[in-house]
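Structural description and commentary
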Amino acid sequence: MSNAAKVDAFLNKAGVFYFLTADGEQPRGRPFGFHMLVGDRVYLGCGTFKNVFKELTANPRVEVLAMAGEEFLRYDGKATVVKDEALIAKVREIMPDIMALYDKNGWEMGLFYLEGGHAEIRGMMDLKEEFDV
């Protein structure tokens, strides 16, 4: 299993995970649920009209935090925005209702992956696995 697939599998187990950005000097965290593994990259996405997207483009150093049972994942890197219609088509397959809402309102889905990513899977008191993504 690739390291990206390990991150994707953990996010699947967690269901909801937290996406962490910075708004100037203020840290910000939000619950996310969408992610998809394509090739050897885990893509995340949110509306380009949202503050979170503005924050990750202003300061692309971000982190994902997810809990699954007694383990948690920390995954950080530089958010790299991609514009790819083939990827958007996959998002439409995964989340047709959300994308229909975006289309109805003229919103754009911003997709990104974490470049130079590093991940840790930990128990409450110990490191289980650490790897680059």
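Above this text is the structure in question.
My aim in this report is to walk through the structure given alongside it, one point at a time.

Conventions we followed
Residues numbered from 1 in each chain as written. Predicted model: local features only at pLDDT ≥ 70, side-chain atom pairs only at ≥ 80, totals over all residues. Heavy atoms only, no water. Phe/Tyr/Trp six-rings, centres within 6.5 Å; stacked < 30°, edge-to-face > 60°. Helix = DSSP H or I, 4+ residues; strand = E, 2+ residues; numbered from the N terminus. Buried < 20%, exposed > 50% of the residue type's maximum accessible area, 1.4 Å probe, protein only. Lys NZ or Arg CZ within 6 Å of the ring centre and 35° of its normal. Core = buried A, V, L, I, M, F, W, Y, C linked by side-chain atoms within 4.5 Å. Contact = heavy atoms within 4.5 Å. Expected span 1.5 Å × (residues − 1). Pairing = 2+ DSSP bridges. Lys, Arg positive; Asp, Glu negative; His and termini not counted. Salt bridge = Lys/Arg side-chain N within 4 Å of Asp/Glu carboxyl O.

With respect to the packing of aromatic side chains
A ring pair, where both rings are aromatic, is described by two values, the distance of the centres and the angle of the planes. A complete count under the given rule lists seven aromatic pairs for this structure. For the ring pair Tyr 43 and Tyr 113, a centre distance of 5.9 Å and an interplane angle of 75° mean the geometry is edge-to-face. Of this pair, Tyr 43 sits in strand 4 (residues 41-47) while Tyr 113 sits in strand 7 (residues 109-122), placing them 70 residues apart in sequence. The exposure class assigned to Tyr 43 is buried, which follows from its relative accessible area of 7%. Every member of this aromatic cluster is reached through a ring pair, and the members are Phe 17, Phe 19, Phe 32 and Phe 112. The ring of Phe 131 has Lys 6 sitting right over it, with the charged end atom 5.1 Å from the ring centre. Above the ring of Tyr 113, the side-chain terminus of Arg 41 is found at 3.9 Å from the ring centroid.

Re the nonpolar core
Val 7, Leu 11, Phe 19, Val 64, Leu 73 and Phe 112 are the most contacted members of the largest nonpolar core, which has 26 residues in total. Within the residue set of this core, elements represented by two or more residues are helix 1 (3-14), strand 1 (17-23), strand 4, helix 2 (51-58), strand 5 (61-68), strand 6 (71-82) and strand 7. Counting residues per element, this core draws most heavily on helix 1, which supplies five residues. Contact partners of Val 64, with chain neighbours within four places excluded, come to Leu 11, Phe 17, Tyr 18, Phe 19, Leu 44, Leu 73, Arg 74, Tyr 75 and Leu 114.

Quick look at helix 1
For helix 1, built from 12 residues, the straight-helix expectation of 16 Å at 1.5 Å per residue is met to within 8% by its first-to-last C-alpha distance of 17 Å. Of the positions making up helix 1, those classed as buried are Ala 4, Ala 5, Val 7, Asp 8, Phe 10, Leu 11 and Ala 14. Gly 15 occupies a position one or two residues after helix 1 and carries a positive phi of about 80°.

Examining the pairing of strand 2 (residues 26-32)
Pairing between strand 1 and strand 2: seven bridges, direction antiparallel. Bridge pairing in strand 2 places Phe 19 opposite Arg 30. Taking the residues between adjacent antiparallel strands as the criterion, strand 1 and strand 2 are bridged by two residues, where Gly 24 takes a positive phi near 65°.

Some details on the environment of Met 95
In this structure, Met 95 sits in the loop between helix 3 (85-94) and helix 4 (96-105). For Met 95, a relative accessible area of 16% puts it in the buried group. In the structure, Met 95 is positioned 33 residues away from Val 62 in sequence and 24 Å away in space, judged by C-alpha atoms. Setting aside its immediate chain neighbours within four residues, Met 95 contacts Phe 34 and Met 109.

What to know about the side chain of Glu 63
Counting through the fold element by element, Glu 63 comes out in strand 5. Not counting residues within four places of it along the chain, the set of residues in contact with Glu 63 comprises Tyr 18, Phe 19, Leu 20, Arg 74, Tyr 75 and Asp 76.

Considerations on the side chain of Asp 8
As for its placement among the helices and strands, Asp 8 is situated in helix 1. For the buried Asp 8, which has no salt bridge, the nearest side chain bearing the opposite charge is Lys 13, at an N-O separation of 12 Å. Those residues in contact with Asp 8 that lie beyond four places of it in its chain are His 35, Met 36, Leu 37 and Val 42.

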